[in-house]
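# Per-entry structural report
Listed below, chain by chain, are the residues.
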Amino acid sequence: MKNQAFPIYSQPCGWNALLPNREARPPATGQLDVQYVVVGAGFTGMAAARRLCQLNPNASIVLLEASTVGEGSSARNSGFLTREEYPSNSSAPAIEQNKVLNGFNREAFDDLKQIIEDHQIACDFHTSGRIRAAATADGANTLRTIQQALEATGHTTQTLDESKLHHLIGTSYYKFGVHTDTGHLVQPAALIRGMLSALPQQVEVHENSPVLDLNQHGKKWQLKTSSAQITADQVIMATNASVKYFGYLQDKVVTIHTYAGITEPLKPSEIASFGSLESWGVLPAHRLGTTVRRVGADRLLVRSLYAYENSLSESVVHDALHSRFHKRYPELSHIRLEHVWGGVTALTLNGSPYVGCLEPGLYASAGCNGSGIVKGTALGSYMAELALSNKPNSQILKAYGTANKILPDPFRALGFKVVSAWESRKAGLES
Ligand SMILES: Cc1cc2nc3c(=O)[nH]c(=O)nc-3n(C[C@H](O)[C@H](O)[C@H](O)COP(=O)(O)OP(=O)(O)OC[C@H]3O[C@@H](n4cnc5c(N)ncnc54)[C@H](O)[C@@H]3O)c2cc1C
């Protein structure tokens, strides 16, 4: 991934493999001259393009995607919609900031939900509640702190013990859990594909069109793909961590690879192992821990492992995901993960994304820290507003915070390895 203009994956996205094939939009060719180019057709890019149309219905807009819609990270994720975040601590300023942040998250979530309804996007959208679960005493302590923060911001939570967790999700692996009623799940590849179909005709979409070069020429921007040269008044970079390739945000954003697998379909007798809830997702107590969720009627997903900048070998990923799934569901140890894949995401040191104007006419958002479906939607819309108004919205910037600087390599790589080794040890059985 290091120094690549766009992510290249060795394994196809499992969510996309569960859907019928689709025909990609044709790549960009020749010379184009437009007002706006949005680079990246993930949730951030889709939101930016949609908002540009709303604000300027006559604008010429091109959306360029390096790969195909359904194969990027916006489809490779676990499908948890994070509408409500919790404050970092229970102080009054942190609670106030969280309230404003969740106001923006809710707006973006409502936008997504409205599009799903209006365009009848069959993306298995479920209001499933959210379970955070811990396998260790340390993990349980972390969850108790999160529970306090959730309650301090007005959420009703329910404490779950081992037997209640077993009843709900069919595993005795976890010893302590916290349930809130604010969780939502989707089939992410179906959602991002639906978002593409829902875009106004005004947006000219080109897939298999990675931007390889980006330069300023006078007041305009010039972008090159292998088969097109595009001139634009304004460019919105919605590429997440790939923006680093173009020389931006290298001191703020780190590329992280993380991995997921979906089981083969289970027989009705085996489905009883999933517990009594029809739709559920479990987040770990520790941020380097493992996510598990139910997928449709008869499959499970497990997401785990993190790697800094470079991807892990397929066999390591395969073995680790199987082992983490079977530890939780030993009675399903004969069940294989039918699809295993990786995806990149971008982390920042302080957990806040970068969003803003990099240079006149050039905007970027990166670093949604693993919750980019909703946050990317919020920040994509905001970039379009910024591009049109040129007025930063201090409320948004205050709510989401801004990514701070990280040390350059080799200190950054070393720092990440030390922190992740320490955190992985701390995560222990949570992973
Ligand atoms: C395994 C996994 C699980 C996750 N689970 C969740 C979850 O449950 N919930 C959640 O909210 N988030 C989750 N995330 C994070 C989430 O996927 C990202 O935050 C989200 O995809 C960010 O959206 P985005 O549009 O900003 O970036 P992306 O989805 O990465 O979209 C950027 C797009 O830009 C394209 N691109 C990059 N470079 C170029 C270029 N040079 N030219 C043209 N196009 C380019 C890419 O191909 C890509 O499609 C997970 C991530 C992974 C990998």
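Here the structure is shown first, and the text comes after it.
Residues numbered from 1 in each chain as written. Predicted model: local features only at pLDDT ≥ 70, side-chain atom pairs only at ≥ 80, totals over all residues. Heavy atoms only, no water.

The next point concerns the overall build of the chain. For the chain, the helix and strand inventory stands at 12 helices and 19 strands. Its C-alpha radius of gyration of 21 Å places the chain within 12% of the 22 Å reference for a compact globule of 431 residues. With respect to the principal axes defined by its C-alpha atoms, the chain has extents near 65 × 50 × 45 Å. By residue count, 57% of the 431 residues in the chain fall in the buried class. Of the roughly 18100 Å² of accessible surface on the chain, 51% is carried by carbon and sulfur atoms. (Helix = DSSP H or I, 4+ residues; strand = E, 2+ residues; numbered from the N terminus. Rg over C-alpha atoms; globule rule 2.2 N^0.38 Å. Buried < 20%, exposed > 50% of the residue type's maximum accessible area, 1.4 Å probe, protein only. Areas by Shrake-Rupley, 256 points an atom, 1.4 Å probe, with all protein chains shown as cover.)

The next thing to look at is the pairing of strand E5 (residues 130-134). Counting buried residues in E5 gives five out of five residues, a clear majority hidden from the surface. Of the two faces of E5, the one holding Arg-130, Arg-132 and Ala-134 and the one holding Ile-131 and Ala-133 are both buried throughout. Summarising the sheet, E5 and strand E7 (residues 176-180) pair through five bridges and their orientation is antiparallel. Residue pairing for E7: Ile-131 is matched across the bridge by His-179. Pairing geometry for E5 and strand E14 (residues 281-284), over three bridges, is parallel. Bridging across to E14, Ala-133 finds its partner in Pro-284. (Pairing = 2+ DSSP bridges.)

What follows concerns the side chain of Arg-293. Turning to its location among the elements, Arg-293 is positioned in strand E15 (residues 291-295). Within the buried core, Arg-293 has no salt-bridge partner, and the shortest N-O distance to an opposite charge, that of Asp-124, equals 5.4 Å. A distance of 2.8 Å separates a polar atom in the side chain of Arg-293 from the backbone oxygen of Val-186. In contact with Arg-293, other than residues within four places in its own chain, are Trp-15, Ser-78, Gly-79, Phe-80, Leu-185, Val-186, Trp-280, Gly-281, Arg-299, Leu-300 and Leu-301. (Lys, Arg positive; Asp, Glu negative; His and termini not counted. Salt bridge = Lys/Arg side-chain N within 4 Å of Asp/Glu carboxyl O. Polar contact = N/O pair within 3.5 Å; in protein donor to acceptor, adjacent residues only side chain to side chain. Contact = heavy atoms within 4.5 Å.)

Moving on to the site of the ligand. Taken together, 36 residues surround the ligand, and among them Ala-5, Thr-44, Glu-65, Ser-74 and Phe-80 come closest. Within the side chain of Thr-44, one N or O atom sits 2.6 Å away from an oxygen atom of the ligand. The side chain of Glu-65 places a nitrogen or oxygen atom 2.6 Å from an oxygen atom of the ligand. Burial of the ligand by the protein chains amounts to 97% of its free accessible area of 980 Å². Every element with two or more residues in the shell around the ligand is listed here: helix H2 (43-55), helix H3 (73-76), strand E17 (337-347) and helix H10 (372-389). When the residues that make up the shell around the ligand are grouped by side-chain class, the tally is 14 nonpolar, 19 polar and three charged. (Near = heavy atom within 4 Å. Nonpolar A, V, L, I, M, F, W, Y, C, P; charged D, E, K, R; others polar.)

Strand order in the open sheet formed by three strands is E3-E8-E4, and the pairing between neighbours is antiparallel. The sheet is open, and its two edges are formed by strand E3 (80-81) and strand E4 (126-127), each paired on a single side. Judged from the two bridges that link them, E3 and strand E8 (residues 184-185) form a sheet pairing that is antiparallel. In the strand pairing of E8, Phe-80 is matched with Leu-185.

Our focus in this paragraph is the environment of Gln-97. Residue placement: Gln-97 occurs in helix H4 (residues 92-118). With 189 residues separating them along the chain, Gln-97 and His-286 place their C-alpha atoms 23 Å apart. If sequence neighbours within four positions are ignored, Gln-97 has contacts with Lys-398, Ala-399 and Gly-401. From its side chain, Gln-97 meets the backbone oxygen of Ala-399 in a polar contact 3.1 Å long.

Here the focus is the pairing of strand E10 (residues 213-217). Relative to strand E11 (residues 220-224), E10 is paired through five bridges, and the arrangement is antiparallel. Following the sheet pairing, Asp-213 is matched in E11 by Lys-224.

Two elements in contact, H4 and H10, have axes whose closest approach is 8 Å; the angle formed by their N-to-C orientations is 100°. Viewed along their axes, H4 and H10 adopt a mutual orientation that is roughly perpendicular. Packed against H4, whose contacting residues are Phe-104, Asn-105, Ala-108, Phe-109 and Leu-112, the element H10 presents Ile-373, Val-374, Lys-375, Thr-377 and Ala-378 at the interface. Of the residues contributing to the contact of H4 with H10, the split by class is seven nonpolar, two polar and one charged. (Axes fitted to C-alpha atoms, helices over the stretch in contact; angles between N-to-C directions. Parallel < 35°, antiparallel > 145°, perpendicular 65-115°, else oblique.)

Moving on, we come to the sheet that holds strand E13 (residues 254-263). With mixed pairing, eight strands are arranged side by side in an open sheet as E6-E7-E5-E14-E15-E16-E13-E17. Where the open sheet ends on each side, the last strands, each with one partner, are strand E6 (157-161) and E17. In this sheet, adjacent strand axes meet at a mean angle of 25° when their direction is disregarded. Together, E5, E6 and E7 form the strand contacts of helix H5 (residues 137-152), whose direction differs from that of E7 by roughly 20°. Across the sheet, helix H6 (residues 162-169) lies against E5, E6, E7 and E14, angled at about 100° from E6, the strand it touches most.

Attention now moves to the pattern of salt bridges. Taken as a whole and assessed by the stated rule, the structure comprises 14 salt bridges. Where Lys-175 meets Glu-162, a salt bridge forms, and the shortest distance between an N and an O atom there is 3.7 Å. Of this pair, Lys-175 sits in the loop between H6 and E7 while Glu-162 sits in helix H6, placing them 13 residues apart in sequence. Glu-162 sits in the partly exposed class, given a relative accessible area of 33%. A salt bridge links Asp-251 to Lys-405, with the shortest nitrogen-to-oxygen separation between them at 3.7 Å. Of this pair, Asp-251 sits in the loop between strand E12 (228-237) and E13 while Lys-405 sits in the loop between helix H11 (394-400) and helix H12 (411-427), and the two are 154 residues apart along the sequence.

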